[in-house]
Structures are given as C-alpha cells and as structure tokens.
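Chain by chain, the residues run as shown.
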Amino acid sequence: MADSLGQKNLGVRLSGRLICSSEQEAEAVRRHLSEHIDLTRAEPGCISFNVYPTEDLLIWTVEEHFQDRDSFTSHQERIRESAWGAATAQIARDYKVTGLD
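I will try to describe carefully the structure that is included in this document. Please read all numbers here as calculations on a predicted model, not as lab measurements.

Glancing now at the sheet that holds strand S1 (residues 12-19). Reading across from one edge, S2-S3-S1-S4 is the order of the four strands in this open sheet, with antiparallel pairing throughout. On the outer flanks of this sheet lie strand S2 (46-53) and strand S4 (92-98), each paired with one strand and no other. Within this sheet the neighbouring strands show an average axis-to-axis angle of 10°, counted without direction. Where S2 lies against strand S3 (residues 59-66), seven bridges are found, and the strand directions are antiparallel. Bridge pairing in S3 places Asn 50 opposite Glu 63. Its contacts with the sheet place helix H1 (residues 23-41) against S1, S2 and S3, and it is angled at close to 160° to S2. Against the sheet, helix H2 (residues 69-80) contacts S1, S2, S3 and S4, and its axis sits at roughly 140° relative to S3.

Set out below in structure tokens:
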C-alpha cells in the first residue's frame, strides 16, 4: 500500500517492554497473556503480535505490528475493556510506537 507521495505504508509498530514490579504482577501477566495474544492476533489489521519473557522474570518484550492507525487504535480501545487490561493496568510499559504520523 502506498500513500499519495508513492511511499510505502509500513503500518503501525509498537516495540518495548512490559515491566512488572513484583511477582504478583508477573503472575497476572502469565495468567492472562495467552488469551490476550489469541484475541489480539484475531483482530482485523493485526499483522503480528508477540510478547515473550526476557531473562529477567519480571520483564517481557512486546512487539506489535498493525496494518494502520485505525486497527492499532481499535486494539488499544479493546484492551482497555478486557480482562488483560484490568489485570495489567498498573504494570509499567516502556514502548516506542512508529507509523502513527
């Protein structure tokens, strides 16, 4: 897909870390992560979605790729109302998002 200037649209990408401050937060991630991944990958416009643990048992690496701003925004709205969103709302995120402009 190209924009009006002929530049290829690479979609919206998010990369970074989910940083738990306690074993209780890490357990909440482990408890809800599988369903969160399945639901996200099934969303329209989701190209890829991966969350995986690091060597630090309290930190996960997050990589998301959505087709466009609308699909990324829809994903963000869905998670606010989800079990994942409720269970992990207090967990720190260190994310970089590209492709929104």
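Now that the structure has been shown, the text picks up again.
Our next topic: H2. Its 12 residues place the ends of H2 17 Å apart at the C-alpha level, agreeing with the 16 Å of an ideal helix rising 1.5 Å per residue. Three or more residues of H2 are buried, namely Ser 71, Phe 72, His 75 and Ile 79. Each buried residue of H2 sits inside an arc of 100° when the element is viewed along its axis, so together they form one side. More than 90 degrees from the buried face of H2, the exposed residues found are Asp 70 and Arg 80. Each element contacted by the buried residues of H2 is listed here: S1, H1, S2, S3, helix H3 (83-88) and S4. For H2, the N-terminal capping position is held by Asp 68, with its side-chain oxygen 3.3 Å away from the main-chain nitrogen of Asp 70.

Analysis parameters
Residues numbered from 1 in each chain as written. Predicted model: local features only at pLDDT ≥ 70, side-chain atom pairs only at ≥ 80, totals over all residues. Heavy atoms only, no water. Pairing = 2+ DSSP bridges. Helix = DSSP H or I, 4+ residues; strand = E, 2+ residues; numbered from the N terminus. Axes fitted to C-alpha atoms, helices over the stretch in contact; angles between N-to-C directions. Contact = heavy atoms within 4.5 Å. Expected span 1.5 Å × (residues − 1). Buried < 20%, exposed > 50% of the residue type's maximum accessible area, 1.4 Å probe, protein only. Arc of directions from axis to C-beta. Polar contact = N/O pair within 3.5 Å; in protein donor to acceptor, adjacent residues only side chain to side chain.

Such coordinate-based values are descriptive only and should not be taken to indicate function.
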